[in-house]
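Take a look at the letters that make up each chain.
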Amino acid sequence: MRLLNLLKIAYKAIVLNKLRTLLTMLGIIIGVASVIAMLAIGEGSKESIRSTISSMGSNMITIRPGEDVRGGVRQDASAMESLTLDDYYAIKEKTELLSYVSPLVNGGGQVINGSNNWPSTIYGVNPEYLDIKVVGLQSGSMFTDAEVKSASKVAVIGQTVVDNVFPDGTDPVGQMIRFNNIPFMVIGVLEEKGENTFGQDQDDVVIAPYTTVQKRILAIDHLNQIMASSISEEDAPDAVEEVTEILRAQHKLSATEDDDFHVRSMEELISTFSSTSEMLTILLVAVAGISLLIGGIGIMNIMYVSVKERTKEIGLRMAVGGKGSDILMQFLIEAILISITGGVLGVILGLGATVFIEKFLHWPTSVALYSIIISFAVCAVTGIFFGWYPARKASVLDPITALRYE
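Residues numbered from 1 in each chain as written. Predicted model: local features only at pLDDT ≥ 70, side-chain atom pairs only at ≥ 80, totals over all residues. Heavy atoms only, no water.

Across its full length, the protein chain carries 13 helices and ten strands. Looking at the 406 residues of the protein chain, the share that counts as buried comes to 45%. By sequence separation, contacts in the protein chain at least 24 residues apart represent 78% of the contacts at least 6 residues apart. When the accessible surface of the protein chain is totalled, it reaches about 20600 Å², and 60% of it is carbon and sulfur. (Helix = DSSP H or I, 4+ residues; strand = E, 2+ residues; numbered from the N terminus. Buried < 20%, exposed > 50% of the residue type's maximum accessible area, 1.4 Å probe, protein only. Contact = heavy atoms within 4.5 Å. Areas by Shrake-Rupley, 256 points an atom, 1.4 Å probe, with all protein chains shown as cover.)

What follows is the structure in structure tokens.
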């Protein structure tokens, strides 16, 4: 009953000063809305990064020649020829955690069809490449292992290549094109994938048997990469270790020698991008949190003003038997009501802001339940922390002095 009466008194005090209360709430409202919106943008960007990279093949593992040197350090040319077909066969035969493996050689050149030409990249792979990259065929078919073995001049092309070398809408399947003057028959067209996370057009490709590209286009016997796919996303780290062990044994490297290759999984890439996104989110939330701090200071200032204005009322309550603890609770409840109400309005504004951002700015957003819970918790703590000192000051006023206050 005592708490109910204190709630009624606090509510009446707030209602009597609507404009002042609303202005006090603004800091809390803007702070909570900013925190929710910033966290939503951060979570949305992380999910977008993960889904985009996963669309490239979440289980994908890439094996490249040379040491894992970062920062653009140039390596000896021979170090970039450390992967061979024997390495591919060793991985293919000995692995237990990979579902698909494909050698890869690639080079740039001109795709020509009649008077139309387009600069593109040719990738020499085996039929398992499409499963690794998680891409299907829009029309036609993929070349077979027999065509790889015979180094057939057949190719599967992406939609960007189709649009530029078959601009009249001709069905490319069954047509002849040339890549650096080597003729290829188009046997399939890839499904459209658009740009990847790095802004690279995934449809600007020509895919052919690796044997054909090695012999007829690049004239090399080493591999640029080996692509693979782990059995599951959870197995990717173990698959990386397994491939590393196989290649170290294949290259006869001693325990003290560094790898002359490097193996990476998409999980590492996702983790790197996610950690960067998290850092940016923390920075944005920290900036938004300043509004909450300002809102808390605003509550403390208003409670100070309220104590000053109601000094006589406080003295009268204490003169008729009111306890200091009752006065403390009364002003503390006022501060908490202001902060919690501001928090509710802030959550509504924050959710509205995320809808606006996604619909009109086209930024990915994802509202996490924990962001709303944290906002409410911060509001409650703000109300108690910044409301306690003015309430405490009111509770220790001398009744006689308070009654004489003008």
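One turn of the α-helix equals 3.6 residues, which is why residues spaced by three or four share an orientation. Compared with the 39 Å implied by 1.5 Å per residue over 27 residues, the 38 Å span of helix α12 (residues 369–395) between its first and last C-alpha is a close match. Listed in full, the buried residues belonging to α12 are S371, I372, S375, C379, T382, G383, F386, G387, P390, A391, A394 and S395. (Expected span 1.5 Å × (residues − 1).)

A separate point is a nonpolar patch on the surface. Residues L3, L4, L7 and M329 make up a contiguous nonpolar surface patch of about 330 Å² in total accessible area. With three residues, helix α1 (residues 2–16) is the single largest residue contributor to the nonpolar patch. Residue placement: L4 occurs in helix α1. (Patch = residues over 30% accessible without salt bridge, like charges linked within 9 Å, V, L, I, M, F, W, Y side chains within 5 Å. Salt bridge = Lys/Arg side-chain N within 4 Å of Asp/Glu carboxyl O.)

All right, on to the packing of aromatic side chains then. The final tally for this structure, using the stated rule, is three aromatic pairs. Consider the rings of Y88 and Y89, whose centres lie 5.2 Å apart with planes at 50 degrees: the pair is tilted. By relative accessible area, Y88 is classed as buried at 7%. Looking at Y89, the relative accessible area reads 37%, which means it is partly exposed. Taken together, a centroid distance of 5.0 Å and an interplanar angle of 40 degrees make the contact between F356 and F360 tilted. Of this pair, F356 and F360 both sit in helix α11 (residues 324–361), four residues apart, which is roughly one turn of the helix. In this structure F356 comes out as partly exposed when scored by relative accessible area, which is 46%. By way of ring pairs, the aromatic residues Y88, Y89 and Y210 are connected into one cluster. (Phe/Tyr/Trp six-rings, centres within 6.5 Å; stacked < 30°, edge-to-face > 60°.)

Structurally, S82 is set in the loop between β1 (60–65) and α3 (85–94). A polar contact is formed between the side chain of S82 and the backbone nitrogen of G66, at a distance of 3.4 Å. If we skip the residues at most four places from it in the chain, S82 touches P65, G66, D87, H251 and D260. (Polar contact = N/O pair within 3.5 Å; in protein donor to acceptor, adjacent residues only side chain to side chain.)

Its identity is not glycine, yet A151 carries a phi of approximately 55 degrees, on the positive side. With a relative accessible area of 7%, A151 lands in the buried category. Even without being glycine, K252 reaches a positive phi, approximately 55 degrees. Mapping K252 onto the fold places it in the loop between α8 (236–250) and β10 (261–265).

The biggest cluster of nonpolar side chains holds 57 residues, and the ones touching the most others in it are I91, F143, I157 and I207. When sequence neighbours within four positions are dropped, the list of residues in contact with I157 reads V162, F166, P172, I177, V186, G188, V189, L190, V205 and V206. (Core = buried A, V, L, I, M, F, W, Y, C linked by side-chain atoms within 4.5 Å.)

Mapped onto the elements of the fold, D203 is located in the loop between β7 (182–190) and β8 (205–209). It is K193 that comes nearest to the buried, bridge-free D203 among opposite-charge side chains, at 8.0 Å. With near-sequence residues (within four places) excluded, D203 lies in contact with G158, Q159, T160, V161, E191, E192, K193 and G194. (Lys, Arg positive; Asp, Glu negative; His and termini not counted.)

Between side chains of opposite charge, pairing is possible as soon as their charged atoms come close. With the rule as written, the count across this model stands at two salt bridges. The shortest N-O distance in the salt bridge between E128 and K92 comes to 2.5 Å. Residue E128 is found in the loop between β3 (116–125) and α4 (129–133), and its partner K92 is found in helix α3; the two are separated by 36 residues along the sequence. Residue D259 pairs with R248 through a salt bridge whose shortest N-O separation is 2.4 Å. Taken together, the residues span a long stretch of sequence, with D259 in the loop between α8 and β10 and R248 in helix α8 at a distance of eleven residues. Looking at R248, the relative accessible area reads 18%, which means it is buried.

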